[in-house]
Each structure stands twice: as C-alpha cells, then as structure tokens.
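As a plain string of letters, each chain reads:
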Amino acid sequence: MCSPEEAALLRLEEVFSATLARVNSLVLQPLLSAAQEPSEPQSRECLRLLQQLHGSSQQLWEVTEESLHSLRERLRHPGSTGLESLLLLRGADHVLQVYIEYIESYTSCIVLQAFQKAAKRRSEFWRGQLKALRQLLSGVGSKGSVGTALIQALRQPLTHHVQQYVLLLLSLADTVPEHHPARELVVNAATLFGNLQSFLRQALDQAVATQALWPTLSRRQRGHNVHTFDLKLVWVDPGQDGCTFHLLTPEEEFSFRAKDPQGHAVWQWKVTQAVCQALRGKKDFPLLGAGLEPSEPPACRCTAHTFRAEGRFCQATYEGEWCRGRPHGKGTLKWPDGQNHVGDFRQGLEHGFGIRLLPQASEDRFDCYKCHWWEGRMSGYGICEYGTEEVYKGYFQEGLRHGFGVFESPPQAAQPFRYTGHWEKGQRSGYGIQDDSDRGERYIGMWQADQRHGPGVVVTQAGVCYQGTFHADKMVGPGILLSEDDSLYEGTFTKDLTLRGKGKVTFPNGFTLEGSFGSGAGRGLHTHGVLDTSALPPDLSSICKRQLGLGAFPVENRWQGVYGPFRDFVSAGCPGDLQEALLGFHVQSSRELRKSQDYLCCERTQPEDSVGRIKDSLEELLQHREPKALQQYLRKALSNSLHPLGKLLQRLMLTFQATYAGVGANKHLQGLAQEEVKQHAQELWATYRGLLRVALQHKGQALDEEEEEEEDAETRDLRVCGLVLPLVLPSFYSELFTLYLLLHEREDSLYSQGITSLSLFPDTKLLEFLEVQKHLWPLKDLTLTTNQRYSLVRDKCFLSATECLQKIMTTVDPREKLEVLERTYGEIEATVSRVLGREHKLPMDDLLPLLIYVVSRARIQHLGAEIHLIRDMMDPIHTGGLYDFLLTALEACYEHIQKEDMRLHRFPGHWDSRELW
C-alpha cells in the first residue's frame, strides 16, 4: 500500500517537471536562440556557460521524468512494486549528481553575470517577458530588474523543490518500519538531499560573493580575457604568511590574500575540496570544520587541456601527465594545423625523447623529428625524416644540427647526395665526407659554414684524385692531381678542378713536363713547357704508394664528433637516463623509421631499461678483468649493438664505410684508412678504461697499481695492438683489405704470373728449379706405378705445409695469420725431419727455397696485400722476433716469385717443357 508521502512526492515531481519545461521555454531557449557567436572572449565565455546550463537543465528534466515514471508505477501497482523501485531511492546518488551539475552551471553564470548581460542585449524582448517570468515566482516584487527576474526564475523553483524533497523524505522515513528493507534507502536519500540543501545555500552564497568581488578589482587585476580552467588542472600552493595562497593553472598563476588567517583557511579549504571532487569525478558536500581531515589532491595528474595564451603552445591541446600546472611526464601535444608532439615533458617543456610531426604544404607530407629534447629544444641524438624524403641521423644542440651527423637525400632525387661528418649550429663544419652521386665524386676534408673550406681530397669514379686547399667551396692555390695511370700533376687548378697555370707532370715512366697549362673551348688541354725524358724509370711501387690526406687531417682530430658523446657519457658517470641522448637510440630496422604516427615510439629502448642495462654492463665488466676473461668480455661487448662499446664501434664502421667504400675505394687512401683503424682501436680502449673507472666508482673502489700502469702510453699502445685491434679489425676489414688489394695490384699481378709459370712444373722439376738440396726432397711421397704420369702426383710434396699455409686466408686477425705462418714453417721442418730420419732445423738458405715451393703450391691470391696488411697491423711486440723473421721470409718468397716469370725465359735449355708432362 502506498503512503500519502509517496502521493505528495508524485505531485511534487509533476509540478517541478512542468516548471522546468516552462523555464526552458521562457528563459533558456530565448537566451540561446537570440545569441550569436560573440567576438569578445568574455562574451564567448558567457555563451559557453549558458549552453552548459541549458544542457544540465535538460538532464535535470530527464531525471525528474524518470523519477516521476517510477512513482506512477509504484502507485499503479503498490502490491507488486516496492519502495526500492523508486528512482529517488535506488538511484539517489545519480539523481544527486544531476542536481549538482545544474547548481554549478547556474552559479557559474551568476559569477560572470551572464543573465544580466544577456538581458541587456535584448532588453525590449525581456521587458515584454517580465510578466510571464514573475508568474513563475512567489514573493518577488514587481519592481525588480529583468536580470534579477531571470536569476530568480532559475533559482527559486530549484530551491523550493529541494526543500520539499527533504521534508517529504524525512516524513516518509518516519512511516517505514525500522527493519524494513527500504528504510536504509529512504534514510540515505533524506541525508543526501539534506546535504544538497546545505550545499545549495553555500554555492549560492559563494557565487554572489565572487560576483561582488570582481568590481572591486582594478582592470589590470581582472585582465581583458576570461578563461575557464578545469579544476583537475588547478593546484593550491599555500602561502608563507598565513593570509596568502596561490592557485596554479596551466597558463596563469593567481595569488589570493585574505583579510585574516581564518578567511585564508576557509578559502584555501574550499578550493582544495573542489579540486579533490573534480579529480574523484564525484561531487559531494564538504562542510568546513566537520568530519575527517580533508584529503589533499595529488601533485601529479593526468588530463587534457587546450592552451589559449600566446606562445608556442597557443591553440595546442595537451593530453597527458601534469605536475603543479605544467606538463610533466609523458604526453601528447596537438595543434590545429596538424602539428603534434608525442614524448616526455618536464616543467612544461619538451624534455627527453619526443617525436614531432610538422605538416608540409603538400598533401600527406610532413617532417618527422624523432629526437631527444632539452628544455623545449632538440638536443642530443635524433633521427629526422623530412617531407622531401631526406633523412638526418645525428646530434642536435639548441634545435640545430650540431656534432656528428649523417644527412642524405633519397636515391631518386635530382641531385642525390650524402654527407657524413660534423655540424656546427646547423651547418656543415669540421671534418666531413660528402658524396655527389650526380658527378660521381667524393669529397673528404674540412668544411666551414656549409662549404668546403680548408684541406681536402676529391676522389672520382674515374680514379682521378685531387688534393689541395679549398676556400668557399673552391680549390685555391697549389694542389696535386693523381690520375688512374699514376701520372702526377703538381700545380694550380681552376674552380672546376681543371689544370690552369704553372705546374709539373710526372709520368709513370719517369718523364716530366714542366711549364704552363691551360684549356679552352674546343682546344682541350694545352701546355707550354719543357719535357724531360732523361730521368730513369721510377720504382713502380713508389708511384702507386702515393698517399693522400696524410698530415692534412690528423687522425686524432677527424672524428671527434663521434668520440665526444661517448667521452661525455663516461665522464658523467654513465647515467642510464642520458644513454640514448648521448649514444643514440637503437632502432631494429630502417623500416621502423617510416612507420606512421600510430607507431611513433617504434621498439625504442625505454629509459628505465637503459638504466638497468648499463648497470648490468658495468657489473659484468668488473667480473672480467683478467686477460682471457677481458678478451671474451670485449668481444661480446663489441658485438652487442646495445652496449656502449658496440654502439661506438657501429658508429665508427658507419664513418669508415662512408669514407672508403664505393667511390672511396681508391689505393691512394690506404694510408688514411690504416691509421684510422688504429685510432679507432685506441678510442675503444679508452672508452673501456673509462667504463672500468665508473664501475669501480659505483663500488667505492679505484684502479689497482698494475691497472694504473696501463695508463702509460707505451703500455696502452701494446694493449691496444695486442688486444683491441684484432677484435675490431673484422669490422673494417672488407673496406681496408680492398684498399690493400688496389694498392698492391701491380705487384700481385706479377706474383700471379709467377705462380702460373711455376704451376707448370711437376714437383721434382720445381724442387730442382728452386735449387732445393736433393737430400731434403720427400721422394717417398712420390710413389708411382709405371702407368702413372707425373701430372697425377703434382702437389703431393709438402702437402701438409701447403694446406696449412692456405688457412692464412681464413682469418682477418694478423696474429692468427702469423700463427698460420709459424705452423707452416713447423710442417716444413717436420717433413724434412721425417725425410732425414732425425730432427732438423732449417737454416735460411734451405728454408727459403722450400718456402717458395710451398707458397707456389698454395696459390694464395693477393698475397702481397695479405703480407702488407699483416705488416702494418701486427702487434709491435713481435718486431724482431720469430713472427717478424717468418714474415720477412714470406716477403722474400713473394718478391722472388714475382721475378720467376722473367727468369723462366732465361732458364738453361737442358730440359724441354714437354718433360713437365
């Protein structure tokens, strides 16, 4: 059975629903329908608040209709529908939130005097509506203004309705037995709406007080614009004097000073509770001085905000983490023009790894900066892909390319290029390499202000090389030219590198031409000078070994932009959070660089992972300090692309390939490359030593005396050549050995001819030809039947030594090559000892012809290049020792074989070539 209180609630809801409908038609609809988009910020804000009030009024009407429906169902079927079915009871929290939203929208309009301003814009219309408005109200005189009538029309029905709610709910609670299932719901609803009544009075009082506050402020204090900030992005900062507190917002900071500490406490408490409510997403009714201590809102929050103030972020929407009114943590910035930034922020600025997209004028094209940032500017390592499909990978400082970097165009560009080198304030400056694919040239040398400036070398696809001094992108003064046939020109050039003025040409045959050179349209190159044909032919090896760049670019100064960040990383104590900014971040493949915005972070190493990884690397380093363990550790570290040593090696490989691969594969650059590899090994060792010191510092330790001795230059060089160089040489071997091949091509050609000639000899004839003493011949190895020909048993003598020597091509380590040579010598002596039936040490006179035999049968290609690379890269500790002796013997064999082709033509005629078979 239904109570009279329920029937009264039904009538109350019916009246309130009808009143809301009339308020909407008489007040809110006319206010909005007559409104146009104003130009002043304050008027725009008023319009926004009125729209918000209209929306909350509509929600209030809808929830009242739902409550009304549940009451009618209850009265229609009292036996089957209990009290708990009433929306006012079972959904009291939801109904309450709708009322609170309406109250806050209404009080916001009061603060900004939105009703008064709207009434002024259509004063005639509202005066005509005044009588209808007053019919909605009770106890309001006929002399009030239109603005006052509008305020009362929206306030009075709500105030009366909430008051009646509380009275009826309290009466209903008295009629429900104490143990009835619905009693708790009725008591809860009565309590909530009682609190709502108190909240409504406080909210209205605060709105009126705030409205009265604005006229008392000067225009300068009020400002010209009106901004509304989400309470989620308001921080309360207590003042120092007990009467002042500050409000921090994303764009402004406000200071409030109360007349006394009590007023200060009230204001600060109310603002703090309002912020807490906004963060909880649920509004309640905090009462000053009642209940438990109020909660403090967290300093770090996560929400979105659109900036309005002038500046870089104007009109941009930031969504992400905040702290004390500033973007702080991870977030996303989006501008209306399509520009956006995803990454880390600190104190309101881009700081850490971030990805910036800048749309270009052409459709579907943008610049993408995947970089590290420092206080709002690109700083540290980054990868930038431009809308032109050009790509830069390297370092930045204050938003400009600065330090080492690689900048290249797409292959299909009209004038494709690639620059690998140093930058300063956005321009190429310092040592750098640039390829001009269109002209088929590579420039190696110094730059200044984006132009070739200082000593430089130009290498062309045609094999022609220039070296000289450049000024403002043009060669000036004297220089040299080396042609493909080893002709050497020393003199002056024009800006397009043609011969002009006084000069001297030295031809491969030793002839020289000295005089004046010039060129003209249709005349080609012409000269006026003296041709000297009296000179003896020069040593061919001395001509082809002319080296460019040596002395012009000190090896220790070439790649400081690569070494520098790694030194800085070590000097700073290997901070994991700066590892990517200083050493570069790891990207699995180039395809990941082209991914869309949805995948901007690729599979990039996260900062926390970097911190853990560097700690593990330092810990592992301390566990591998003994010589053998150290070698294993260095080999593992250098092959790991995520380890600092591995990253440095990869960067150095990049510069090496950029210099000496392709067009740079020129024999006249061999010396430049050789000293560069040794310098890289020294820098890698220095980086290891720095990492070791940092690892010990983390443990509160220092280097022991023996390790301190390794700081001595001589000891350091021995460690570099004996330990590091063999480990890093494989990374540079392909390009380096190619240069050795080209440099010694003529010598190896003569050697190949000699090998071909000697291969015509059967074993016994070759041993005889090389004048090997017959008692050293392994004749037991040559067991023949009457039907066998000599050709079937060739290459059987000293077979173990021959097969051993062939292994010299299976390794790139100079020490291992020398060990192969030592074992070959041992196999030769073992074979001789077996022939003699006793252990026998071969003197040089006996060893050399036998070694020539083994070398000729091993048929090692490019032996000259192998020998010279071993000689240049071998550990100095072996100088004057056994390895040095054996290498000297191999060199002698190599030179002897080069001459054998000529010697065979003068060989005595006591044998016929047909006897070879």
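Residues numbered from 1 in each chain as written. Predicted model: local features only at pLDDT ≥ 70, side-chain atom pairs only at ≥ 80, totals over all residues. Heavy atoms only, no water.

**Let's talk about unusual backbone geometry**
Piece 1. The phi angle at Phe-798 is positive, at roughly 50°, despite the residue not being glycine.
Piece 2. Within the secondary structure layout, Phe-798 lies in the loop between helix H22 (763-769) and helix H23 (799-806).
Piece 3. Assessed through its relative accessible area of 1%, Phe-798 is described here as buried.
Piece 4. At Arg-859, a residue that is not glycine, the phi angle is positive and equals roughly 50°.
Piece 5. Position of Arg-859 relative to the elements: it lies in the loop between helix H25 (844-858) and helix H26 (863-873).
Piece 6. Since its relative accessible area comes to 47%, Arg-859 is described here as partly exposed. (Helix = DSSP H or I, 4+ residues; strand = E, 2+ residues; numbered from the N terminus. Buried < 20%, exposed > 50% of the residue type's maximum accessible area, 1.4 Å probe, protein only.)

**Things to note about the confidence of the model for the protein chain**
Piece 1. Averaged over the protein chain, the pLDDT score is 84; the fraction of residues at 70 or greater is 85%.
Piece 2. Counted against residues more than four places away or in other chains, residues 784-795, with its pLDDT under 50, gives 16 contacts. (pLDDT = per-residue confidence, 0-100. Contact = heavy atoms within 4.5 Å.)

**Side note on H25**
Piece 1. With 15 residues, H25 extends 20 Å between its outermost C-alpha atoms, agreeing within 8% with the 21 Å of an ideal straight helix rising 1.5 Å per residue.
Piece 2. Across the 15 residues of H25, twelve count as buried, placing the element largely inside the fold.
Piece 3. When H25 is considered as a whole, its buried residues turn out to be Asp-846, Leu-847, Pro-849, Leu-850, Leu-851, Ile-852, Tyr-853, Val-854, Val-855, Ser-856, Arg-857 and Ala-858.
Piece 4. After H25 finishes, the residue Arg-859 shows a positive phi value of roughly 50°. (Expected span 1.5 Å × (residues − 1).)

**Some details on the sheet that holds strand E1 (residues 235-238)**
Piece 1. Spatially, three strands are ordered E1-E2-E3 in an open sheet, and the strand pairing comes out antiparallel. Single-partner strands in this sheet number two, and they are E1 and strand E3 (253-257). Direction aside, neighbouring strands of the sheet carry axes that sit 25° apart on average.
Piece 2. Bridge analysis of strand E2 (residues 244-248) against E3 gives five bridges, and the strand direction is antiparallel. Bridge pairing in E3 places Leu-247 opposite Phe-254.
Piece 3. Relative to E2, helix H10 (residues 261-280) is tilted by about 20°, and along the sheet it contacts E1 and E2. (Pairing = 2+ DSSP bridges. Axes fitted to C-alpha atoms, helices over the stretch in contact; angles between N-to-C directions.)

**A few points about the packing of helix H16 (residues 627-638) against helix H17 (residues 644-660)**
Piece 1. Relative orientation of the contacting elements H16 and H17 amounts to 55°, with a least axis distance of 7 Å. Classified by the angle their axes make, H16 and H17 are oblique. As for how H16 packs across H17, the hand of that crossing is right-handed. Contacts from Leu-634, Ala-637 and Leu-638 of H16 reach H17 at Leu-645, Gly-646 and Leu-649.
Piece 2. Along the lines of polarity and charge, the residues of the contact of H16 with H17 split into five nonpolar, one polar and no charged. (Parallel < 35°, antiparallel > 145°, perpendicular 65-115°, else oblique. Left-handed = near helix turned anticlockwise from the far one by under 90°. Nonpolar A, V, L, I, M, F, W, Y, C, P; charged D, E, K, R; others polar.)

**Brief notes about the nonpolar core**
Piece 1. Counting 75 residues, the largest nonpolar core has Leu-634, Leu-684, Tyr-688, Val-728 and Leu-736 as its most contacted members.
Piece 2. Once you skip the residues sitting within four places of it in the chain, Leu-736 turns out to touch Phe-656, Ala-673, Gln-674, Val-677, Leu-729, Leu-869 and Met-873.
Piece 3. Ranked by size, the runner-up nonpolar core spans 66 residues in total, among them Leu-31, Leu-71, Ile-110 and Leu-150. (Core = buried A, V, L, I, M, F, W, Y, C linked by side-chain atoms within 4.5 Å.)

**What to know about the pairing of E1**
Piece 1. Of the pairings in the sheet, the one linking E1 to E2 comprises four bridges and is antiparallel in character. Paired with Pro-238 across the strands is Phe-245, a residue of E2.
Piece 2. Between E1 and E2, which pair antiparallel and follow one another directly, the connecting turn spans five residues, one of which, Gly-242, has a positive phi of 85°.

**Describing the packing of helix H12 (residues 560-571) against H17**
Geometrically, a packed helix pair is captured by the angle between its two axes and the distance between the axes.
Piece 1. Packing of H12 against H17 brings their axes to within 10 Å, and their N-to-C directions diverge by 170°. The angle between H12 and H17 places the two elements in the roughly antiparallel class. Contacts between H12 and H17 involve Val-562, Tyr-563, Phe-566 and Phe-569 on the former and, on the latter, Pro-644, Lys-647, Leu-648, Arg-651, Leu-652 and Thr-655.

**Notes on a nonpolar patch on the surface**
Piece 1. On the surface, a cluster of nonpolar side chains totalling about 250 Å² of accessible area is made up of Met-844, Leu-882 and Phe-885.
Piece 2. Along the chain, the position of Met-844 falls in helix H25. (Patch = residues over 30% accessible without salt bridge, like charges linked within 9 Å, V, L, I, M, F, W, Y side chains within 5 Å. Areas by Shrake-Rupley, 256 points an atom, 1.4 Å probe, with all protein chains shown as cover. Salt bridge = Lys/Arg side-chain N within 4 Å of Asp/Glu carboxyl O.)

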